[in-house]
Amino acid sequence: MSSSNILAGLNPQQLEAVTLPHESALILAGAGSGKTRVLTTRIAWLIQTGQISPHSLLAVTFTNKAAREMLIRISSMLPINTRGMWVGTFHGLCNRMLRAHHRDAGLPQTFQILDTQDQLALIKRLLKSLGVDDEKYPPRDLQYFISGKKEAGQRASAVEAYDEHSKRLLELYAEYDRQCNREGVVDFAELLLRCVELLSRNEILRSHYVRRFSYVLVDEFQDTNRLQYHWLKLLAGDRNAVLAVGDDDQSIYAFRGASTQNMFDFEREFARGRVIKLEQNYRSHGTILDAANALISHNDRRLGKELWTHAGAGEPLRVYDAPSDADEASYILQEVKSLRSEGMPLSGIALLYRSNAQSRVLEHALFNAGLAYRVYGGLRFFERQEIKHALAYLRLVANPEDDGAFLRVANLPARGIGARSLEQLQDIAREQGSSLWQAACANPPAGKAGQGVTAFIRLIEGLRQDCLGLSLPEMVELVIDRSGLKAYYQADRDGQDRIENLNELVNAAAGFDAGDTALIAAEDAAAAGEQDQNVPAGDPQLILLNSFLAHAALEAGEYQAADGAQALQLMTVHSAKGLEFDAVFISGLEEGLFPHENSLNQADGVEEERRLMYVALTRARRRLYLSHAQTRMLHGQTRYNIASRFLEEIPEPLIRRVNTRKASSWFDGHAGTAVKTVTAYAAPPPSSPWRVGQDVVHPKFGAGVIVSVQGRGLDARVMVNFRQAGMKELALEYAKLTAA
DNA sequence: ATTAGTGGTGTTTTT
DNA sequence: CACCACTAAT
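This is a predicted model, so every value here is computed, not measured.

J.: I tried to follow the sheet that holds strand S8 (residues 275-278) on my own but got confused; where do I start?
T.: Strand pairing in a sheet relies on backbone hydrogen bonds, with the paired strands running either antiparallel or parallel. Across the sheet, six strands lie side by side as S3-S2-S6-S7-S1-S8; this open sheet has parallel pairing. In the strand order of this sheet, the two ends are held by strand S3 (86-89) and S8, each with one partner. Ignoring strand direction, the axes of neighbouring strands in this sheet form an average angle of 15°. When strand S1 (residues 25-29) meets S8, the two strands line up parallel, connected through four bridges. Residue pairing in the sheet places Leu 28 in a bridge with Lys 277 of S8. Where helix H3 (residues 35-48) meets the sheet, its contacts fall on S1, strand S2 (57-61), strand S6 (215-218), strand S7 (241-246) and S8, and the angle it forms with S6 comes to roughly 165°. Its contacts with the sheet put helix H11 (residues 226-236) on S2, S6 and S7, and the angle it makes with S2 is roughly 175°.

J.: I'm lost on the pairing of strand S10 (residues 349-353) in this one. Help?
T.: Working note: regular strand, side chains alternate between the two faces of the sheet. Counting buried residues in S10 gives five out of five residues, a clear majority hidden from the surface. The two faces of S10 match: Ile 349, Leu 351 and Tyr 353 on one face and Ala 350 and Leu 352 on the other face are all buried. Summarising the sheet, S10 and strand S13 (residues 581-586) pair through four bridges and their orientation is parallel. Following the sheet pairing, Leu 352 is matched in S13 by Ile 586. With four bridges joining them, S10 and strand S12 (residues 568-572) adopt parallel strand pairing. Among the inter-strand pairings, Leu 352 is bridged to a residue of S12, identified as Met 571.

J.: Looking at this structure, how should I read helix H23 (residues 496-511)?
T.: Because an α-helix packs 3.6 residues into every turn, residues spaced three or four apart end up facing the same way. With 16 residues, H23 ought to run about 22 Å at 1.5 Å a step, and its terminal C-alpha atoms sit 23 Å apart, in line with that. In the core, the buried residues of H23 are packed alongside helix H16 (385-398), helix H21 (472-482), helix H22 (485-491) and helix H25 (540-554).

J.: Quick question: what am I supposed to make of the pattern of salt bridges here?
T.: Side-chain pairs of opposite charge can arise whenever the charged atoms involved come near each other. Taken as a whole, this structure holds 45 salt bridges when the rule is applied. Residue Glu 190 is joined to Arg 194 by a salt bridge in which the shortest nitrogen-to-oxygen separation is 2.7 Å. Placement of the pair is Glu 190 and Arg 194 together in helix H9 (residues 188-201), with a separation of four residues, close to one helical turn. Each member of the pair, Glu 190 as well as Arg 194, carries the same accessibility label: buried. For Arg 657, the salt bridge identified is with Glu 652, shortest N-O distance 3.2 Å. Through salt bridges with shared partners, a single ionic network connects Lys 150, Arg 155, Asp 177, Asp 187, Glu 190, Arg 194 and Glu 197.

J.: What am I meant to see in empty space enclosed by the protein here?
T.: Left-over empty space is what a probe sized like a water molecule reveals as it rolls over the atoms. Counting across every chain of the model gives one cavity of 30 Å³ or more. Within this model, the largest cavity holds a volume of roughly 30 Å³. Looking at the largest cavity, the residues that line it are His 91, Glu 151, Phe 188, Ala 189, Leu 192, Asn 225, Leu 227 and Gln 228. Broken down by secondary-structure element, the contributors of at least two residues to the lining of the largest cavity are H9 and H11. A per-element tally of the lining of the largest cavity places H9 first, with three residues. In terms of residue class, the lining of the largest cavity is made up of four nonpolar, three polar and one charged.

J.: How do you make sense of the protein's contact with DNA strand B when you look at a structure like this?
T.: Near DNA strand B, the surroundings consist of 26 residues, among which Arg 256, Arg 354, Arg 380, Arg 420 and His 635 are the closest. Taking all atoms of DNA strand B within 4 Å of the protein, the share assigned to sugar and phosphate is 51%. In the environment of DNA strand B, a phosphate oxygen lies 2.7 Å from a nitrogen or oxygen atom belonging to the side chain of Arg 380. At a separation of 3.5 Å, a phosphate oxygen of DNA strand B approaches a polar side-chain atom of Asn 411. The set of elements that each furnish at least two residues to the surface near DNA strand B consists of helix H18 (419-432) and helix H26 (573-576). Its residues assigned to classes, the surface near DNA strand B comprises five nonpolar, 16 polar and five charged.

J.: Would you mind showing me how to read the nonpolar core here?
T.: As a rule of thumb, soluble globular proteins bury nonpolar side chains together. In this structure, Leu 58, Met 97, Trp 231 and Phe 266 are the most contacted members of the largest nonpolar core, which totals 63 residues. Met 97 has contacts with Trp 86, Cys 195, Leu 199, Tyr 209, Phe 213, Trp 231 and Leu 235, leaving out every residue within four places of it along the chain. Among the nonpolar cores identified, the runner-up in size contains 51 residues, and Leu 396, Leu 422, Phe 456 and Leu 549 belong to it.

J.: Hey, could you run me through the packing of aromatic side chains in this one?
T.: Describing an aromatic ring pair means giving the distance of the ring centres and the angle of the ring planes. As enumerated under the stated definition, the model contains 21 aromatic pairs in all. Centroid distance Phe 266 to Phe 270: 5.0 Å. Interplanar angle 15°. Geometry classified as stacked. With Phe 266 and Phe 270 both in helix H12 (residues 261-271), this residue pair falls four residues apart, about one helical turn. On the accessibility criterion, Phe 270 (12% relative accessible area) is buried. Ring centres of Phe 382 and Phe 548 lie 6.4 Å apart, and the angle between their planes is 75°; on these two criteria the pair is classed as edge-to-face. Separated by 166 residues along the polypeptide, Phe 382 in the loop between strand S11 (373-375) and H16 and Phe 548 in helix H25 bring together distant segments of the chain.

J.: For this particular structure, what's the right way to read the pairing of strand S9 (residues 317-324)?
T.: Summarising burial for S9: six of the eight residues are buried, a large majority. Across three bridges, the pairing between S9 and strand S16 (residues 655-657) is parallel. Bridge pairing in S16 places Arg 318 opposite Arg 656.

J.: Help me out: how do you make sense of unusual backbone geometry in this one?
T.: Most peptide bonds are trans, and most residues other than glycine sit at a negative phi. In this model, Leu 412 is joined to Pro 413 through a cis peptide bond whose omega is 0°. Even without a glycine there, the phi angle at Glu 220 is positive, about 45°. Relative to the assigned elements, Glu 220 resides in the loop between S6 and H11. On the basis of relative accessible area, Glu 220 is assigned to the buried category, the value being 14%. In the Ramachandran plot, Arg 301 falls in the positive-phi region, its phi being about 50° despite a non-glycine side chain. Structurally, Arg 301 is set in the loop between helix H13 (286-296) and S9.

What counts and what doesn't
All residue numbers here refer to positions counted from 1 along the written sequence of the relevant chain. Throughout, the order in which chains and ligands are written sets their labels, letters from A for the former and numbers from 1 for the latter. Per-residue local features are limited, in this predicted model, to residues with pLDDT of at least 70; the limit for side-chain atom pairs, both in listing and counting, is 80 or more; totals at the level of whole chains, interfaces and linings are taken over all residues. Side-chain metrics rest on all non-hydrogen atoms present in the structure, leaving aside hydrogens and water. Two strands pair under a simple rule: DSSP has to find at least two bridges between them. Think of it this way: any DSSP run of H or I at least four residues long counts as a helix, any run of E at least two long counts as a strand, and we number them from the N terminus. Note on method: axes are straight lines fitted to C-alpha atoms, helices fitted across the in-contact stretch only, with angles between N-to-C directions ranging 0 to 180 degrees. Throughout, a contact is declared for two residues whenever any of their heavy atoms are within 4.5 Å. Remark: exposure states derive from per-residue accessible area (1.4 Å probe, protein chains only) relative to the maximum for the residue type, with buried under 20%, exposed over 50%, and partly exposed in between. Given a helix with a known number of residues, its expected span is that number minus one, times 1.5 Å. Counted as salt bridges are all cases of a side-chain nitrogen of Lys or Arg within 4 Å of a carboxyl oxygen of Asp or Glu. Of the grid points, spaced at 1 Å and generated over the protein atoms alone, those admitting a 1.4 Å probe that cannot get out make up cavities, while open sets with protein on both sides within 12 Å along at least five of seven lines make up pockets; any residue with an atom within 4 Å of a point is treated as lining. Grid points are joined across faces, edges and corners, and a volume is the space filled by probe spheres set on the points. Ten residue types, Ala, Val, Leu, Ile, Met, Phe, Trp, Tyr, Cys and Pro, are classed as nonpolar, four, Asp, Glu, Lys and Arg, as charged, and the remainder, Gly among them, as polar. What makes a residue near a molecule or strand is one non-hydrogen atom of that residue sitting within 4 Å of it. Side-chain atoms alone can form a polar contact between residues adjacent in sequence; in general such a contact is a pair of N or O atoms within 3.5 Å, and within protein one must be able to donate a hydrogen while the other accepts it. In these notes, a set of buried Ala, Val, Leu, Ile, Met, Phe, Trp, Tyr and Cys residues joined through side-chain atoms within 4.5 Å is what counts as a nonpolar core. Within 6.5 Å between ring centres, the rings of Phe, Tyr and Trp (the latter by its six-membered ring) count as paired, and their orientation is classed by plane angle as stacked under 30 degrees, edge-to-face over 60, tilted in between.

See below:
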C-alpha cells in the first residue's frame, strides 16, 4: 500500500491540507469541497507514513454521525482497528475523559447525563422546592441562562451580578449545580465545563493528554462555542498541531453559543496566517452555486470565499408561488412523482423546511398519496416517554440517588404513591439534604402510601441484585418486565407501539457495541497513570450499563427505526447540514418563517438565517426547488405571509418561475383532507361540505349524524349525534370528521 | 389517590 | 394542535 493511493485525485489545495507538516492551520472549506475527505485522508496519511500511531491523535466532530462517518472512512483507507481511537463529538469525548477520571473530576463513577428534557424537569422541580415564582423566573429562561453561562465557561460564583434579577438567577444557578452534584447528574454543558476544569486544575493529567495527542483535528469548527475552544486550547498545549476545518458561511448554531469569533481567534492564536481555502465544489451544478454565492454575499463579516465548479451550469432554480401551504405540498408531491418517474431514487430527494412544525402538511400530502417518506428529527427514539421510563428504572439501578429518575417512575405503573407522598418525600429530602431515595429508605411514609414506597424500594433493590451477572439486553428486559412497565402498556388500549419500542430498546441494548467500552475506560484511566483501582473490581456490568445510558443521552437521535431504503427524506435545514441530494425542495420561503420572525430582533439574526439558507441551497446536486405559500396554517390559525427576502437575493436569471400548472382542486378526493384544506384558505369556501342530516364518522366517537351547523369558514362548529357517544359539539377546524 | 376534563399558553434551529 | 397545570368528580 503506497501513499500515492490515498492522495490520488486530490486537488492542489486539498493535497496541501492533507500533507501539512506538524503545524496548526485553518482550512476554510466551502460546502461540497471535500472537507470530510481532507480530514480523513489527513488522518490516514499521518498514520500510513508512520508519523503517528492511531492513538496519538484526537479528532473532534460536532455530531455523532460525522464521527461515525470519519471512522468508517478511515478504516476503508487503512487496515487498522479504529477501536479505542479518540474520535468523537465534544460531548462524547468529554464524557469519556470524565468516566476515566471521575474521581479527579469529583463525580461518582455512575454519574448520569441529563438531556434537555431532564434538565428542564430538574429546574422546575428546583424552583418549586425553593418556592420561586415561576412567572417571574420561567424555567426555560433559567435553563437558557444556566447553559449560556456554562458555555461561556462561567460558574455562578465567577459571575458578577449588578441587579436583583440577575443576582437571583445566579443564586438559582448555584442551587441547580448543588442539586446536580447531590444527584450525581450532569447536563450537556456540564460535561464540557467539568472537563475543562479538570484539565485546568490537574496539571499531571493535562500534560499527559497534551503529550499523547500530538495532532488534534476539529471538524465544523464554525460551530464551536467558547468553552469548546478553551477545551481545545488546553489539549493543544503549546506544542501540538491543531487542524481546524470549518466554513464561516455555514455557521448556524450561534443561537446555541457557537461563535465564528473562534475562527478569527484561531487564525491569530494557532494558524498564524496559515489558511487554506477549499473553494472547488464537487457537488452542485454551476447555477446552484451562483445562487448560493449571490445570496451569501449579502452578509457582512465573512472570511471570504467563493465556490466554483467544473460541472456545467445545469438547470435554473424552480420557484413556485403557492396560494396555500396545502397547495404547496401538492405541487411538491406532483414534482416528486415526476422526478421518480424519470428514474431519480426517492432517497435522493429531500424536502427541507425551517421548523419541524412545517413537516405536517407535507407528511399529510405524502401519506395520502401513499409515497414512502422518512422524517428526521422530531421525536427521537430515546426521547419517547416509554423509553424514558425504562431508562429511568435503569438509571436507578445504576445510581439510586437520581431524583429525576425516581420521580419519573416511582408511581408508574401506579403503586399508590401519589403526588402527596412524593411531596412529603421531597420535603424530607430537602431538610436532610439527601436524595429522595435516601429519604424514602429512612422514613417510609405511613399507611397505604408507605406500602407503595416500600414496594418500590424493594423493586429497585431486587433489580439491582438480579442485574448482576446479566448481559445488557437481559438487564433491560428484566427491568421492563419486572418494573411492570410492560404490563402497564399491555393494559393500555393503544400501547401496542410502546411495547414494540420497549422491545426495540432491548434490541438496541443487544446491538450496543459496548463490546469493549468497559475495557477502553480502564485503558484510558491506566494510560493516564491512574494507579489506584479506579475502575473497581466490582461491576463491569455497571460500567456497561452506564455506557449504554450515556449513549442514550448523547445519541438520542440518529437512532430511528429502519432507515427505510427507498424513501423521501424530510428534515429541517439544520439537520440537513453535511448531507447532499440530487434534488432539494426548500419550502415555506416566507417572511416570518424563513427568515424566522424571532431572528429579526436578534443581533445578526438575519445573517444567521441567511447562512441557513445558504446551507439549504448547497445541499442540492442537480435540481433545486424553492417555494412559498401565501397562506399557511400555523399554530392553529391561518397566516398570510409574503415571499422571503432570500428569494429576491437570488439573481433573476438563475430562476425559472413555474406557476403554470393547472389550478388543481383542493379536494384530493379525500373528504378528511378537504376540511383541512378548505380551512387553510383565507376566504371561506363557497359552501360548506357539511349539512344537517349528513352521516359522518369521527375517529374517536365513531358513526353519527349532523344535527346542526353553526358558523362557517374557520370557526364553523357542528353538533353531531353519535351512535355510541351521544351528542357532541365539534370544531370543524380540528375534528377529523369524515363523510360516511 | 387517581383520573378525566378544562382552559390557558406557546411554539426555531440541537449536541 | 400539543403540552402543561389546575380543577372537579370518582
